[in-house]
Structures are given as structure tokens and as C-alpha cells.
Amino acid sequence: MRAALTAITDELRRLKTTGVKTVTVSDESVAALRRVVASRRSGFTPDTKSAAPLAMSRVKPDLRPIPVAARPAPVSTGTPIPPPPTVVLPTGDKQTRWNALLALVQNDAVCRSHVRPGKKVVLGVGNVDAKIMFVGEAPGAEEEVQGEPFVGPAGQLLTKMIQAMGLQRAEVYIGNIMNWRPEMATAPGAGQVGNRPPTEDEMRYCLPYLRAQIEVVNPDLLVALGTTAAQGLLGFGSFKAIGEIRGQWREFAGKPLMVTYHPSYILRNQSNRSKRMIWEDLLKVMERAAMPISDKQRGFFLSK
Ligand code: URA
């Protein structure tokens, strides 16, 4: 892998010397590169030595919660979003109902109209008998290619967080507020670069699909990952900054809801202190789910 990265860097340097100023990279290639970089640096491993990469160890992390107002504006592409759908599922076992829900979402004309050619509408993934359901924001570049939530860098980190809890990814359920990647204007022929938070209308449209997943899976507990997930579940304007409500139990659809930071917060602040904040929220989830917690787990990320 190192050799492949070196070859890419060399080629980019060579192109630069020939006067090339821009190169077009497909979403798939960006996704593959991000996966390599993430696997090299984004640990949620409770190992104090590897907690912060060398280059960051001299930088004081910015641990202030990101105020809602400071996030990129959720600007839509202008397509009006119709009223939310009414989701009616067949009777039957959980898997039958979930399969029907998947078909509904994948055939939803509004969802489809927001997905670029070759990209996918994304429903949640995981165990339909899960006790814990994580809720994120929206699919990103990798998710809309694979059609699965949390498979990019933030997803790999979420998987490590789940493993630190003593669970496997396949034992929990992972969903998103949104079923499509919120579009941004892109140069003709180029793939979308970056993400924007969904608008209130976009979230309102997709929410019935999330409610339906909660109804089918019927988890004991929900965990909202980040500001957008918390806004989607608790309502726009229900808090100013996620720091105000993270670590607290709320309620959604009759289920206890823990609000914590999005894993991408750790990708930006790879310090034990920021990992510990999320970890403390997850310890509360483990306690409420009556999961065994070892002394070792209780002490994860305590050192500075
Ligand atoms: N971030 C999210 O909130 N959801 C995903 O599926 C991927 C990244």
C-alpha cells in the first residue's frame, strides 16, 4: 500500500513538473485513498501511546464543541422537497418488514432524484434484533457508492468504538437521518467534493424511514452521533451547541436516546481527551444496556 501511495505521489509530482495544475479524481478513488489514510491514523484503540499522531502531538486540540451556527450552512440545491412519505410496512417477521422497507426507500422517487447516476440511496444496516441503534447524519462519498452507512473514515472509527464496547459491528444497527448524500454544486463531469449538512426539509422528508427502522428493529437504546443526528431527532432549534446536550439521556420514539459527538470529531481531534468524552457517553450506554464493563474499559483514554 505504501508503494502504491508513493507511486501516486510521484506521478502527481511528475504531472506538476509538466505544467498540469489540476487532476480529476473519481469519487471511488477518493474513497479508496481516504480508506488508506484513515486506516493509518484514526484509532479508537485505548492505547495511550498511539492515541495521537506525531504531527498532532504538539498541537493543542480544539476541544470546544462546534456551535450549530458555526457549521457549514445547510444550503440545498434548490429542488423543493415534498412533504414526508407515509411509510406502511407489511406484517410479518422483522426481516420481512425490513426487506419491504428497503424496497420502499430504494424505489422512493424523491430519494432517487437526489442521487447522482451510479450512486445509491442508503438505508441503515445491521442486526434487526440489535439492542443498540446508532444514528448518524447522512451518507458521504463512500456510503453512496457502497449503499451502506458509515463505511468511510468516520465509519471505520465508529466500528472501532463499537468494538471497544465489546460488540461487533454486525451486532448493532447503524442508520442515518438521511437516505441520500446531500448534493452540492460540482463542476460538470466531476464528482462531488465534500459534504454539507442536510436542510430541515431534507431531514423531515427522510425521518419516516428512520422511524420505520426503529419500529422494525425495536432497539432498547438509540445513540445520536453528532449535531445533525441530534437535530433530526430532537428538532431544529432544540439546542444551540451539541456540547450542551451530549452525554445526556433524551427520548425519541419512546426510546432512551444518548447524544454524543460524531466520530468525525475524533478524526479532527485525535487526543485522549476528546476520545474520553465520547467514551464516557458510550459507557453510559453500556450501563443502561446492562452490558458487562471491565475495569480496563472504565479506564480507557483516561491518560492525557
Ligand atoms: N457520516 C454519517 O453521519 N453517516 C454516514 O453514513 C457516514 C458518515
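See the structure printed just above.
Note that the structure is predicted; figures quoted are calculated from it, not measured.

*Asks:* Describe the site of the ligand, naming the residues involved and giving the relevant values.
*Replies:* For the ligand, the full set of nearby residues is Gly136, Glu137, Ala138, Glu143, Pro149, Phe150, Asn176 and His262. Between Ala138 and the ligand, the recorded distance is 3.1 Å, taken from a backbone N or O atom to a nitrogen atom. Here the ligand, which alone exposes 240 Å², has 91% of that area covered by the protein.

*Asks:* Describe in detail the nonpolar core, supporting the description with residues and values.
*Replies:* Counting residues in hydrophobic clusters, the biggest one holds 72 residues, and the most contacted among them are Ile132, Phe134, Met165, Ile177, Trp180, Leu233 and Trp279. Not counting the four nearest positions on each side in its chain, Met165 is found in contact with Ile132, Phe134, Trp279, Leu282, Val285, Met286, Met291 and Gln297.

*Asks:* I'd like a rundown of the pairing of strand S3 (residues 173-176), residues and numbers included.
*Replies:* The side-chain alternation of S3 yields two buried faces, one formed by Tyr173 and Gly175 and the other by Ile174 and Asn176. Direction of pairing for strand S1 (residues 125-126) relative to S3: antiparallel, over a ladder of 2 bridges. Bridging from a neighbouring strand, Val125 pairs with Ile174 of S3. Taken together, the 4 bridges between strand S2 (residues 132-136) and S3 define a ladder with parallel strand orientation.

*Asks:* How would you summarise helix H7 (residues 153-164) if you had to cite specific residues and measurements?
*Replies:* Under the 1.5 Å per step criterion, the end-to-end length of H7 is 17 Å for 12 residues, consistent within 8% with the ideal 16 Å. Of all 12 residues that make up H7, 9 are buried, and the element is covered over most of its length. Among the residues of H7, Pro153, Ala154, Gly155, Leu157, Leu158, Thr159, Met161, Ile162 and Ala164 are the ones counted as buried. The first or second residue beyond H7 is Gly166, which carries a positive phi of 90°.

*Asks:* Run through the packing of aromatic side chains, naming residues and quoting values.
*Replies:* Going through the model one piece at a time under the given rule, you end up with 7 aromatic pairs. Where Trp279 meets Phe300, the ring centres are 5.2 Å apart and the plane angle is 35°; that geometry is what we call tilted. Of this pair, Trp279 sits in helix H12 (residues 272-288) while Phe300 sits in the segment after helix H13 (295-298), and the two are 21 residues apart along the sequence. The same class applies to Trp279 and to Phe300, which are both buried. Put simply, the rings of Phe44, Trp279, Phe300 and Phe301 touch in pairs and so form one group of aromatic residues. Its guanidinium or amino end placed over the ring of Trp249, Arg288 lies 4.7 Å from that ring's centre, counting from NZ or CZ.

*Asks:* Could you give an account of helix H4 (residues 94-107), with specific residues and numbers?
*Replies:* With 14 residues, H4 should cover 20 Å at 1.5 Å per step; its first-to-last C-alpha distance of 20 Å lies within 8% of that length. For H4, the full list of buried residues reads Arg97, Trp98, Leu101 and Val105. Down the axis of H4, the buried set is contained in an arc of 100°. They therefore lie on one face. Where H4 is buried, its residues meet helix H5 (109-113), S3 and helix H8 (200-217).

Conventions adopted
- Numbers given for residues are sequential positions, taken from 1 along each chain in its written order.
- The predicted origin of the model limits local features to residues at a pLDDT of at least 70 and limits the giving and counting of side-chain atom pairs to 80 or more, whereas totals for whole chains, interfaces and linings rest on all residues.
- Computation of side-chain values: all heavy atoms of the structure, hydrogens and water removed.
- Nearness of a residue to a molecule or strand requires only that one of the residue's heavy atoms be within 4 Å of it.
- Whenever a nitrogen or oxygen atom comes within 3.5 Å of another N or O atom, the pair is scored as a polar contact, on the condition that within protein one atom can donate a hydrogen and the other can accept it, and that pairs from neighbouring residues in sequence are kept only if both atoms are in side chains.
- Accessible surface area values rest on a Shrake-Rupley calculation with a 1.4 Å probe, where residue burial reflects the displayed protein chains alone.
- Nonpolar cores are built from buried Ala, Val, Leu, Ile, Met, Phe, Trp, Tyr and Cys residues. Side-chain atoms within 4.5 Å join them into one set.
- Categorising residues by exposure relies on relative accessible area from a 1.4 Å probe, with only protein chains included: less than 20% of the type maximum marks a residue as buried, more than 50% marks it as exposed, and the intermediate range marks it as partly exposed.
- Contacts between residues were defined by any pair of non-hydrogen atoms, one from each residue, lying within 4.5 Å.
- Secondary structure counts use DSSP, requiring at least four H or I residues in a row for a helix and at least two E residues in a row for a strand, with both numbered from the N terminus.
- When DSSP locates at least two bridges between a pair of strands, those strands are taken to pair.
- To estimate the expected span of a helix, subtract one from its residue number and multiply by 1.5 Å.
- Only Phe, Tyr and Trp rings are paired, with Trp represented by its six-membered ring, and only when their centres lie within 6.5 Å; those with planes under 30 degrees apart are stacked, over 60 edge-to-face, the remainder tilted.
- Lysine and arginine charges are scored as sitting over a ring when NZ or CZ, respectively, is within 6 Å of the ring centre and within 35 degrees of the ring normal.
- This arc corresponds to the set of directions leading from the helix axis out to the C-beta atoms.

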